[in-house]
Amino acid sequence: MTRWATFDCFGTLVDWRHGIATGIELLFPGRGAELLEVYNRIEPRVQAEQPVRRYREVLAESLRRTAAEAGVELVPDDASVLGTGLPYWPVFPDVRPALTALREAGWRLALLTNCDRDLIGETQRRLVVPIDAVVTAEDVGSYKPGHAHFSRFAASFEATRENWVHIAQSHFHDMVPARELDIRRVWVNRHAEAQDPSIADAVLPGLDDLVATVERVHSS
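Residues numbered from 1 in each chain as written. Predicted model: local features only at pLDDT ≥ 70, side-chain atom pairs only at ≥ 80, totals over all residues. Heavy atoms only, no water.

Describe the overall build of the protein chain, naming the residues involved and giving the relevant values.
The helix and strand tally for the protein chain stands at 10 helices and six strands. Rg of the C-alpha trace for the protein chain: 17 Å, near the compact-globule value of 17 Å for 220 residues, within the 12% margin. Taking the principal axes of the C-alpha coordinates as reference, the protein chain spans close to 55 × 35 × 30 Å. Burial statistics for the protein chain: of 220 residues in total, 52% are counted as buried. Just so you have it, the protein chain exposes about 9,600 Å², and 51% of that area is on carbon and sulfur atoms. Side-chain charges in the protein chain split into 24 positive and 32 negative, and the spacing between the mean points of these groups amounts to 2 Å. (Helix = DSSP H or I, 4+ residues; strand = E, 2+ residues; numbered from the N terminus. Rg over C-alpha atoms; globule rule 2.2 N^0.38 Å. Buried < 20%, exposed > 50% of the residue type's maximum accessible area, 1.4 Å probe, protein only. Areas by Shrake-Rupley, 256 points an atom, 1.4 Å probe, with all protein chains shown as cover. Lys, Arg positive; Asp, Glu negative; His and termini not counted. Charge placed at Lys NZ, Arg CZ, Asp CG, Glu CD.)

See below:
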């Protein structure tokens, strides 16, 4: 039986917070960290309002609203800065070794991402490690924490609880729906967040012990 390890990409494999903060810093020097926290609240609302909106447009609209809430002036053309920079956002240092080790242990790898096809294609070249399947928000016409990414993946690849572990950083976008769908799951709590850890089958601070953890969760 094929064993699947699925991942959220941005926040789990790619440093989403760094990418957003750096893009904002280019426009508003010295305020990247501050405005990141505003942006982080706004983006899920924008995704929920118009689930079929492309992620480039989500990034731009979320940045517009962030600037408006913070009382800073955003030049209209500058709203595209996050989408333009996304393909260059950094991959966490523990990612390539962990993905390589998972493949060597016999796992196939997939991404379930709140992103567009073109943007995730650009990002995959930075992951370097081959990815076997990708499901995007553009493919399913909605954003996580909706269930469509998971349902599409299950239907396309005969993935079930018996051969599938989902690994992600976002408690809200990934751990909650994976629990609702009874998918085995590993929460990568990179920022020591205070959400309930009991909804995950395992919790890690990063990917250094990923293979052993995924194997244990899969066999539980």
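Any chance you could break down the sheet that holds strand S1 (residues 3-7) for me, citing the residues and the numbers?
With parallel pairing, the six strands of this open sheet are ordered in space as S3-S2-S1-S4-S5-S6. Every interior strand has two partners, whereas the edge strands, strand S3 (133-136) and strand S6 (202-204), have only one. Ignoring which end each strand starts from, the neighbouring axes of this sheet average 20 degrees apart. Here five bridges tie S1 to strand S2 (residues 107-113), and the two strands are oriented parallel to one another. The residue of S2 that forms the bridge with Arg-3 is Trp-107. Contacting S1, S2, S3 and strand S4 (164-168), helix H8 (residues 148-157) crosses the sheet at an angle of about 145 degrees to S3. Sheet strands in contact with helix H9 (residues 171-180) are S4 and strand S5 (184-188), and its direction is about 160 degrees off that of S5. (Pairing = 2+ DSSP bridges. Axes fitted to C-alpha atoms, helices over the stretch in contact; angles between N-to-C directions. Contact = heavy atoms within 4.5 Å.)

Please give an account of the layout of surface pockets that cites residues and values.
In this structure, the largest pocket occupies an estimated 460 Å³ of space. Lining the largest pocket are 23 residues; nearest its centre among them are Trp-16, Asn-40, Gln-169, Ser-170 and His-173. Only helix H1 (16-27), helix H2 (32-49) and H9 provide two or more residues apiece to the lining of the largest pocket. Sorting elements by how many residues they give to the lining of the largest pocket places H2 first, with five residues. Looking at the lining of the largest pocket, its residues break down into six nonpolar, 11 polar and six charged. (1 Å grid on protein atoms, 1.4 Å probe; cavity = no way out; pocket = protein on both sides within 12 Å on 5 of 7 lines; lining within 4 Å. Points joined across faces, edges and corners; volume = space filled by probe spheres on them. Nonpolar A, V, L, I, M, F, W, Y, C, P; charged D, E, K, R; others polar.)

Mind laying out the packing of H1 against H2, listing which residues take part and the relevant values?
Put simply, H1 and H2 touch, their axes get as near as 9 Å, and they point 120 degrees apart. By crossing handedness, the relation of H1 to H2 is classed as right-handed. Of H2, the residues touching H1 (which contributes Trp-16, Arg-17, Ile-20, Ala-21, Ile-24 and Glu-25) are Gly-32, Ala-33, Leu-35, Leu-36, Glu-37, Tyr-39, Asn-40 and Glu-43. (Left-handed = near helix turned anticlockwise from the far one by under 90°.)

Quick rundown of the pairing of S4? Include the residues and the values.
Most of S4 is tucked away: five of the five residues are buried. With burial as the criterion, each face of S4 is covered, one bearing Trp-164, His-166 and Ala-168 and the other bearing Val-165 and Ile-167. Bridging between S1 and S4 involves four bridges; their strand directions are parallel. Opposite Thr-6, over in S4, you have His-166 as the bridge partner. By the bridge criterion, four bridges tie S4 to S5 in an arrangement that is parallel. Its bridge partner being in S5, Ala-168 is matched across the sheet by Trp-187. Chirality of the crossover, the property in question, places the unit of S4, H9 and S5 among those that are right-handed. (Right-handed = clockwise from strand over helix to strand, strands pointing away.)

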